[in-house]
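Examination of the molecular architecture
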Amino acid sequence: MDMMLQAFMSIMTIEGMLTILAGVAAGLLIGSLPGLTATMALAVLLPFTFTMSPLQGLMALGAVYMGAIYGGAFTAILINTPGTPSSIATTFDGYPMARNGRAYEALAAATIASVVGGVVGVAFLLMLAPPLARLAVVFGPAEMFWVALLGLTLVASLASGSLLKGLLAGCMGMLISTIGVSPIGGETRFIFGIPALQGGIELIVALIGLFVIPELISMVAQGRGTLPESGQLSDGALSSVKKMTKHIFRKPVNLIRSCIIGQIIAIIPGAGGNVTSLVAYNEAKRFSKEPETFGKGNVDGVIASESSNNVMVAGSMVPLLTLGIPGAPPDAIILGVLLMHGLRPGLDLFTETGVLTNGFILSMGVAAIFLLPVGLLGGRLIHRVVVKTPFYFLVPSIAMVTILGTYALRNSMLDVLIMLVLGVAGYFMRLIGIHAAPIVLGLILGVIAEKGYVQTMLAAVVDPIPWLRLVDNPLSIVLAILVIVSLATTLLPVWLERSGRMAKVDQGKGAGQ
């Protein structure tokens, strides 16, 4: 407790508070720009920390990280563009809410959920880091394969009406993920004689292409902006915040479940916030009394996505601070800062430099709290800009930002071309009912599933039955059972509805009542 108190006092200074506030604002700004991820935000701002003390530098990067993950919700809600991969699921209901004149309600819900998620993640990290780190070590290639398969069962939930089209979109995403050099064998696949494709299709390039460009084409085709011109703040900003606060805390089960899901997945190295938010969204829809309203503007979808991906910020620090394993790509930059200052992850980090480590963790909690004023004020400003800007100016502005963001990823014009091709293809696929979400899900999880499966099979090459290595320990068996249960609970309602049995069940319930 003495060490914790010293850590708290070390960050509660005017200089510390200003550092955290500036980091949150900078992260929010960068995270809300399509193509500029949390990893890029940390990389861009890293040189500014070289002249700072170790604690102040870590405080700044932690605040930027927290702000960037949250900032992705702004464009996800207002223009159907995930600012960061973690905000993919936020678009599913956030953008329909904005189209229905409830944009600020969605932003308020995302802000409050992000604050709660960030604080819960920090609390988990302070209390449970060592035992959770031991759990992270258990996840080997076989377990990652089952985790990826569990994530792929979400395709049915994201299919938006047609299971076949959802499965087709998921397979398309997995095929796209195979372009480039194999992550294990090193062979080159599907590059069509273009050497630049050896690096594969960058996730952010696909995200921008599949989400942003179709929306821009729709805006041009319809001759209007993204949001309705009136009715945006009919209840007032303060009323929207109060309404969303009551909604979130009156029924806290969704929030608690999403935070737990976020923490569990966050400690698995490589899973990332994009998987976290999708799984939390799927479970919110599965346990909802009104699952048919998801995808049409149900605020619970926004709450699930934003609370879970902000839990991930602190949760991914568990394997980083205890084992030296980055839980997510942005954590690799923070690891570099630790090593630059001569700090080695492990038990010594919590004992010999406990004040610094706990100060860094507590500063992320303060950054999460700062999201509330910064986010609500910034959200109102950005919201007004998007609503008031004419579409004939908004479309080229968004297009310019997305092209610059795509090019900045790898300084490649090929990435810009791929983004445009995917965008045009995504627009025509949307017209026939094939949506972007299952494609992106397949792209994200295809690589994880392939690496887990191939590594497991290579390790089992001398076994009589190599496939049994996939279920050779209790954790793998539990994950495999979860995959089967998830498939059953997802596909059974579809089968009952198509066979006509669902109507009979509903009639039976009505007669019983």
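Computed from a prediction, not measured in an experiment: that's the story for all the values here.

Moving on, we come to a nonpolar patch on the surface. A contiguous nonpolar patch, built from Ile465, Trp467, Leu468, Val471, Ile477, Ile481 and Val485 and spanning about 650 Å² of accessible area, is present on the exposed surface. Topologically, Trp467 is positioned in the loop between helix H20 (436-459) and helix H21 (474-499). The exposure class assigned to Trp467 is exposed, which follows from its relative accessible area of 54%.

What follows covers the packing of aromatic side chains. One pass over the structure, following the stated rule, counts six aromatic pairs. With a centroid separation of 5.1 Å and an interplanar angle of 75°, the aromatic rings of Phe92 and Tyr281 are classed as edge-to-face. Placement of Phe92 in helix H5 (residues 88-99) and of Tyr281 in helix H12 (residues 272-286) is noted, with a sequence separation of 189 residues between them. Both residues of the pair, Phe92 and Tyr281, belong to the buried class. Geometrically, the ring pair formed by Tyr281 and Phe294 is edge-to-face, given 5.7 Å between the ring centres and 75° between the ring planes. Residue Tyr281 is found in helix H12, and its partner Phe294 is found in the loop between H12 and helix H13 (299-315); the two are separated by 13 residues along the sequence. Side by side, Tyr281 and Phe294 carry an identical accessibility label, which is buried. Counting every residue linked through ring pairs, the aromatic cluster contains Phe92, Tyr281 and Phe294.

Before going further, it helps to examine the side chain of Glu450. Looking at the secondary structure, you find Glu450 in helix H20. With near-sequence residues (within four places) excluded, Glu450 lies in contact with Ser182, Pro183 and Arg189.

Quick look at the packing of helix H8 (residues 163-177) against H20 now. Contact geometry for H8 and H20: axes closest at 6 Å, N-to-C directions at 45°. As far as their axial angle goes, H20 and H8 are oblique. Every pair of crossing elements has a handedness; the one defined by H8 and H20 is right-handed. Residues Gly166, Ala169, Gly170, Met172, Gly173, Met174, Ile176 and Ser177 of H8 lie in contact with H20, whose contacting residues are Pro438, Ile439, Gly442, Leu443, Gly446 and Val447. When its residues are assigned to classes, the contact of H8 with H20 shows eight nonpolar, six polar and no charged.

In this structure, Phe190 takes a positive phi of about 55° despite not being glycine. When you line up the elements, Phe190 lands in the loop between strand E2 (188-189) and helix H9 (203-222). By relative accessible area, Phe190 is classed as partly exposed at 49%. If you check the backbone angles, Phe192 has positive phi at about 55° while not being a glycine. Positionally, Phe192 belongs in the loop between E2 and H9. Note on Phe192: relative accessible area 70%, which makes it exposed.

Calculation notes
- The residue count restarts for each chain, going from 1 along the sequence in the order it is written.
- Local features in this predicted model are restricted to residues whose pLDDT is 70 or higher, and side-chain atom pairs enter the listing and the counts only when it is 80 or higher, whereas totals over whole chains, interfaces and linings include all residues.
- The basis for every side-chain value is the complete set of heavy atoms in the structure, and neither hydrogens nor water enter the calculation.
- Like-charged residues are merged into a patch within 9 Å and nonpolar side chains (Val, Leu, Ile, Met, Phe, Trp, Tyr) within 5 Å, provided each residue has over 30% relative accessible area and no salt bridge.
- Residue exposure ignores everything except the shown protein chains as possible cover, and the areas themselves are Shrake-Rupley values with a 1.4 Å probe.
- In what follows, salt bridge is the name for a side-chain nitrogen of Lys or Arg lying within 4 Å of a carboxyl oxygen of Asp or Glu.
- Helix and strand labels come from DSSP, where a helix needs a run of H or I of at least four residues and a strand needs a run of E of at least two; each type is numbered from the N terminus.
- Relative accessibility under 20% of the residue-type maximum defines a buried residue, over 50% an exposed one, and the middle range a partly exposed one, all with a 1.4 Å probe and only protein chains included.
- Note on ring pairs: Phe, Tyr and Trp rings are taken, using the six-membered ring of Trp, and paired if centres are within 6.5 Å. Classes follow the plane angle, with under 30 degrees stacked, over 60 edge-to-face and the rest tilted.
- Throughout, a contact is declared for two residues whenever any of their heavy atoms are within 4.5 Å.
- The angle between two axes is taken between their N-to-C directions and runs from 0 to 180 degrees, where each axis is a line fitted to C-alpha atoms and a helix contributes only its stretch in contact.
- Throughout this description, any angle smaller than 35 degrees is read as roughly parallel, any larger than 145 degrees as roughly antiparallel, any in the 65 to 115 degree range as roughly perpendicular, and the remainder as oblique.
- What makes a crossing left-handed is the near helix being turned counterclockwise from the far one by less than a right angle; a clockwise turn instead makes it right-handed.
- Lys, Arg, Asp and Glu make up the charged group, whereas Ala, Val, Leu, Ile, Met, Phe, Trp, Tyr, Cys and Pro make up the nonpolar group; the residues left over, Gly among them, are polar.

So yeah, pure geometry; function would need other evidence.
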